[in-house]
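Close look at the chain arrangement
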Amino acid sequence: MTKKTSGCITIVGAVIGIGGLLLLALSIIGMFTTEEAMDRNRELYAQWGQEMEAYYADSVKQVQYQEVCDRLDKAHEEGDSLLAAELESQLVELSPPEKKGNIGFNIAGAFLMIPAIVGLLMAAIGVMLFIIGYMGGRKKKIDKV
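Sequence order sets the numbering: in each chain, residues are counted from 1 along the sequence as written. The model is predicted, so local features are restricted to residues of pLDDT at least 70 and side-chain atom pairs to those at 80 or more, both for listing and for counting; the totals for chains, interfaces and linings are taken over all residues. Neither water nor hydrogens contribute to the side-chain values; these are computed over all heavy atoms in the structure.

1. What about a negative patch on the surface?
Each patch is built from residues that are more than 30% exposed by relative accessible area and take part in no salt bridge. Like charges join if they lie within 9 Å; nonpolar side chains (Val, Leu, Ile, Met, Phe, Trp, Tyr) join within 5 Å. Surface exposure here means Shrake-Rupley accessible area, sampled with a 1.4 Å probe, where a residue is shielded only by the protein chains that are shown. Each reported salt bridge corresponds to a side-chain nitrogen of Lys or Arg within 4 Å of a carboxyl oxygen of Asp or Glu. Charge assignment in this entry is limited to Lys and Arg as positive and Asp and Glu as negative, and neither His nor the chain termini are counted. All charge positions are set by atom: Lys at NZ, Arg at CZ, Asp at CG, Glu at CD. On the surface, E67, D70, D73, E77, E78 and D80 cluster together into a patch of negative charge. With respect to the element layout, D80 can be found in the loop between α2 (59-78) and α3 (81-94). Helix and strand definitions follow DSSP, with helices as H or I runs of at least four residues and strands as E runs of at least two, each counted in order from the N terminus.

Here it is as structure tokens:
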């Protein structure tokens, strides 16, 4: 019979463990990065909300916007393209602010939990294989002495 060495198990355990730790680290970095992006989106959404409140608080601007809309409709009916182009530029200035950002749940961070758990399991299996291989090789060295 030939002696079995445990060097392969040790090497495979180390590779799987390192791969698992890398996957875990990348997943955690991804979670923090996507959460920072969501925080920026939430801030933009809050700013947009304040701009909308300021817009609706200004009743003069709303009345002017409605008047320009009515005049623009008349200009389109009459076929006056020059007046329509001028009114459209005024309409842009008087229109409510465009929506920015969003609120919600960081779905990318939630989905990154899956590879993080897989990485953690891989690292645990790799460490166990490494320990088994190392102890097996060490036992044979002790038996030789």
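2. A closer look at the nonpolar core
Among the nonpolar cores identified, the biggest contains eight residues, and these are V68, C69, L72, A75, A84, L87, L91 and L94. Those elements that provide at least two residues to this core are α2 and α3. Joining through side-chain atoms within 4.5 Å is the link that ties buried Ala, Val, Leu, Ile, Met, Phe, Trp, Tyr and Cys residues into a set, and such a set is a nonpolar core. The cut-offs for exposure are 20% and 50% of the maximum accessible area for each residue type, with area from a 1.4 Å probe on protein chains only; residues under the lower value are buried, those over the upper are exposed, and the others partly exposed.

3. Let's talk about the packing of α2 against α3
Note on geometry: axes are lines fitted to C-alpha atoms, helical ones only across the stretch in contact, with angles between N-to-C directions running from 0 to 180 degrees. One can describe the packing of α2 onto α3 by two numbers: an axis separation of 9 Å at closest approach and a directional angle of 160°. Looking at the two axes, α2 sits roughly antiparallel to α3. Relative to α3, α2 is oriented so that their crossing is left-handed. Of the residues in α3, those touching α2 at K61, Q64, Y65, V68, C69, R71, L72, A75 and H76 are L83, A84, L87, E88, Q90, L91, E93 and L94. Each residue gets one of three labels, nonpolar for Ala, Val, Leu, Ile, Met, Phe, Trp, Tyr, Cys and Pro, charged for Asp, Glu, Lys and Arg, and polar for the others, Gly among them. Here the residues of the contact of α2 with α3 sort into ten nonpolar, three polar and four charged. If an angle is under 35 degrees, it is roughly parallel; if it is over 145, roughly antiparallel; if it lies from 65 to 115, roughly perpendicular; otherwise it is oblique. For any pair of crossing helices, the crossing counts as left-handed if the nearer helix is rotated counterclockwise from the farther one by less than a right angle, and right-handed if it is rotated clockwise. By definition in these notes, contact holds between two residues if any of their heavy atoms fall within 4.5 Å.

4. Topic: the pattern of salt bridges
In total, this model carries three salt bridges according to the counting rule given. R42 serves as the salt-bridge partner of D39, at 2.9 Å between the closest nitrogen and oxygen. Of this pair, D39 and R42 both sit in helix α1 (residues 7-57), three residues apart, which is roughly one turn of the helix. Across the salt bridge formed by E51 and K100, the nearest N and O atoms sit 3.1 Å from each other. Linking E51 in helix α1 with K100 in the loop between α3 and α4 (107-111), this pair joins segments that are 49 residues apart in sequence.

5. Considering the packing of aromatic side chains
Aromatic rings from Phe, Tyr and Trp, with only the six-membered ring used for Trp, were paired whenever their centres fell within 6.5 Å, and each pair was classed as stacked if the ring planes differed by under 30 degrees, edge-to-face if by over 60, and tilted otherwise. The full count for this structure, using the stated rule, is three aromatic pairs. Ring geometry for Y55 versus Y56: centroids 5.3 Å apart, planes at 75°, classification edge-to-face. The exposure class of Y55 is buried, given its relative accessible area of 7%. An angle of 10° between the planes, with centres 6.2 Å apart, marks the rings of F130 and Y134 as stacked. Of this pair, F130 and Y134 both sit in helix α5 (residues 113-144), separated by four residues, roughly a single helical turn. Overall, F130 belongs to the partly exposed group, its relative accessible area being 37%.

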